[in-house]
Amino acid sequence: MTNELKKTNRVGALLPIFFVVTPALVAMRAYACLKNMDDFGYFSGNLALISNIIFAVFSIIFLTHALTHQKKDSVPRESFLNYATYISSGVLAVAIAFGIYEISRSFFISYVPGAALNFQEIIKIAAAVLGLCTIASLVINTVTEKRYSQLKGAFSIGAVMFFALYCINIYFDTTTAANSQQKVLAFLSMIFAAVFFLYETRTHLGRPKWHSYVAFGLISAMFSLYTSIPALIYYFSRGNLIPGSTLIELAIILSLGFYVMIRVVLIAYAPEDELCDLALDILNVAHKREDDKASLARVNNNLKEESEG
């Protein structure tokens, strides 16, 4: 049954901790960027190191939420059809569109007509195509009212692959050193965004893992805001970018941070969708039956091929 009126913070103390720690860490890094960073993106002093250590500690703390899942936990009756998600999805879609432009422009600058494509050029082509899938995924998620949809799941997988390829593209960027702190943060922001969208894909397919969704959501949002906001403050203060990120990359990462943060907050306060044990058993039996049917179909197909051979 569903209790429409029961709304509690199912994330517990981690949510207020996130909203206290993240701004503090962003402020520490922004100050370090303005006062302790040279023109090449390297830091003197210990402030940046201390903020990074604190960041890592709280990332581990947020990760522990993924280990607290219990079978009898009530699940949120999620709904992302509201103005907060419409705006965040639209902003992220626009940022990704500029990212596609930047990737395509980089490809056409480096590509020699008639020459064989190298690995980096293939990555750029794939990332541009999957970027379009990601934009489509964001649009479909905002206009489709169905909670579970294979179409939403398929395009969401495209989003996972886009962010994975985007971080590979950042990694192979030769314009900055591989050990640039800003580059590493941008790289990790994309990795955790891909993991978050992987868990979002599970929700579209009716196999949610909400504790992991929230855990990686908090980490992804914190990574994105910690990476983008200090760099943007530095850019608007000094007129130069920190080596390791482009302005469009920072826009995408910042948009990701707010997109993920909003969805985590909505899940935290969503009404509970309480299913009785019998309903859970029925769902498990139904999933098992579908798996058995698929397995039997593969066996029959193999036997048919062997008999024909």
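For clarity, every value in this text was computed on a predicted model and none was experimentally measured. (Residues numbered from 1 in each chain as written. Predicted model: local features only at pLDDT ≥ 70, side-chain atom pairs only at ≥ 80, totals over all residues. Heavy atoms only, no water.)

Draft legend 1. Representation of the overall build of the protein chain. Looking only at helices and strands, one finds nine helices and three strands in the protein chain. Ordering the α and β elements of the protein chain from the N terminus gives β-α-α-β-α-α-α-α-α-α-β-α. The buried share of the protein chain, taken over its 309 residues, is 41%. Taking contacts inside the protein chain between residues at least 6 apart in sequence as the whole, the part at least 24 apart equals 80%. Carbon together with sulfur atoms contributes 66% to the accessible area of the protein chain, which is approximately 16,200 Å² in total. (Helix = DSSP H or I, 4+ residues; strand = E, 2+ residues; numbered from the N terminus. Buried < 20%, exposed > 50% of the residue type's maximum accessible area, 1.4 Å probe, protein only. Contact = heavy atoms within 4.5 Å. Areas by Shrake-Rupley, 256 points an atom, 1.4 Å probe, with all protein chains shown as cover.)

Draft legend 2. Structural view of helix H2 (residues 47–63). In this model, H2 (17 residues) spans 24 Å end to end at C-alpha, consistent with the 24 Å of a helix rising 1.5 Å per residue. Taken together, the buried positions of H2 are occupied by Ala-48, Ser-51, Phe-55, Ser-59 and Phe-62. Buried residues along H2 cover an arc of 80° about the axis, so they all sit on one side. Tucked into the core, H2 has its buried residues touching helix H1 (14–36), helix H6 (181–204) and helix H7 (210–238). (Expected span 1.5 Å × (residues − 1). Arc of directions from axis to C-beta.)

Draft legend 3. The packing of aromatic side chains, seen in detail. Counted according to the given criterion, the structure contains 20 aromatic pairs. Taking the centre distance of 5.5 Å and the plane angle of 85° together, the rings of Phe-162 and Tyr-166 count as edge-to-face. In this pair, Phe-162 and Tyr-166 are both assigned in helix H5 (residues 150–171), four residues apart and thus about one turn of the helix distant. Since its relative accessible area comes to 0%, Phe-162 is described here as buried. Here the aromatic residues Phe-162, Phe-163, Tyr-166, Phe-196, Phe-197, Trp-210, Tyr-213 and Tyr-259 are joined through ring pairs into a cluster of three or more. Across the ring face of Tyr-226, the terminal group of Arg-29 is positioned such that the distance to the ring centre comes to 5.6 Å. (Phe/Tyr/Trp six-rings, centres within 6.5 Å; stacked < 30°, edge-to-face > 60°. Lys NZ or Arg CZ within 6 Å of the ring centre and 35° of its normal.)

Draft legend 4. Quick peek at H6. The end-to-end C-alpha distance of H6 is 35 Å, a good match for the 34 Å that 24 residues give at a rise of 1.5 Å each. Two residues or fewer after H6 comes Gly-206, characterised by a positive phi angle close to 80°.

Draft legend 5. Seen up close, the confidence of the model for the protein chain. Averaged over all residues, the pLDDT of the protein chain equals 85, while 83% of them reach at least 70. In the predicted structure, residues 1–5 sits below a pLDDT of 50 and forms twelve contacts with residues beyond four places in sequence or in another chain. (pLDDT = per-residue confidence, 0-100.)

Draft legend 6. Representation of the nonpolar core within the structure. In this structure, Phe-163, Met-190, Phe-197 and Leu-218 are the most contacted members of the largest nonpolar core, which totals 60 residues. Top contributing element to this core by residue count: H7, with eleven residues. Residues within four places of Met-190 in sequence aside, it is in contact with Phe-163, Tyr-166, Cys-167, Ile-170, Ile-252, Ile-253 and Leu-256. If you look at the next biggest cluster of nonpolar residues, it comprises seven residues, including Ala-231, Leu-232, Tyr-234 and Leu-250. (Core = buried A, V, L, I, M, F, W, Y, C linked by side-chain atoms within 4.5 Å.)

Draft legend 7. Region of interest: the pattern of salt bridges. Taken as a whole, this structure holds one salt bridge when the rule is applied. One salt bridge in this structure joins Arg-263 and Glu-200, with 2.8 Å as the shortest N-O distance. Here Arg-263, found in helix H8 (residues 247–268), pairs with Glu-200, found in helix H6; they are 63 residues apart in sequence, far enough to count as distant. The same class applies to Arg-263 as to Glu-200, namely buried. (Salt bridge = Lys/Arg side-chain N within 4 Å of Asp/Glu carboxyl O.)

Draft legend 8. Up close: a nonpolar patch on the surface. A cluster of nonpolar residues, Leu-81, Tyr-83, Tyr-86, Ile-87 and Val-91, forms a patch on the protein surface that exposes about 520 Å² of accessible area. With relative accessibility at 67%, the residue Tyr-83 sits in the exposed group. (Patch = residues over 30% accessible without salt bridge, like charges linked within 9 Å, V, L, I, M, F, W, Y side chains within 5 Å.)

Draft legend 9. The arrangement of the side chain of Glu-249 in detail. Tracing the backbone through its elements, the reader meets Glu-249 in helix H8. Aside from chain neighbours lying at most four places away, what touches Glu-249 is Glu-102, Tyr-166, Ile-170 and Gly-244.

Draft legend 10. Structural context of the environment of Ala-84. Mapping Ala-84 onto the fold places it in helix H3 (residues 83–110). Judged by its relative accessible area of 33%, Ala-84 is partly exposed.

Draft legend 11. Geometry of the environment of Met-37. Looking at the element boundaries, Met-37 is found in the loop between H1 and H2. Here Met-37 is in contact with Ala-32, Tyr-42, Phe-43, Tyr-234 and Ile-242, once residues within four sequence places are set aside.

Draft legend 12. A look at the packing of H1 against H2. Packing of H1 against H2 brings their axes to within 9 Å, and their N-to-C directions diverge by 160°. Accordingly, the angle class assigned to the pair H1 and H2 is roughly antiparallel. For the crossing formed where H1 meets H2, the hand is left-handed. Contacts between H1 and H2 involve Leu-14, Ile-17, Phe-18, Val-21, Leu-25, Met-28, Arg-29, Tyr-31, Ala-32 and Asn-36 from the former and Leu-47, Ala-48, Ile-50, Ser-51, Asn-52, Ile-54, Phe-55, Phe-58, Ile-61 and Phe-62 from the latter. When grouped by side-chain class, the residues that make up the contact of H1 with H2 number 16 nonpolar, three polar and one charged. (Axes fitted to C-alpha atoms, helices over the stretch in contact; angles between N-to-C directions. Parallel < 35°, antiparallel > 145°, perpendicular 65-115°, else oblique. Left-handed = near helix turned anticlockwise from the far one by under 90°. Nonpolar A, V, L, I, M, F, W, Y, C, P; charged D, E, K, R; others polar.)

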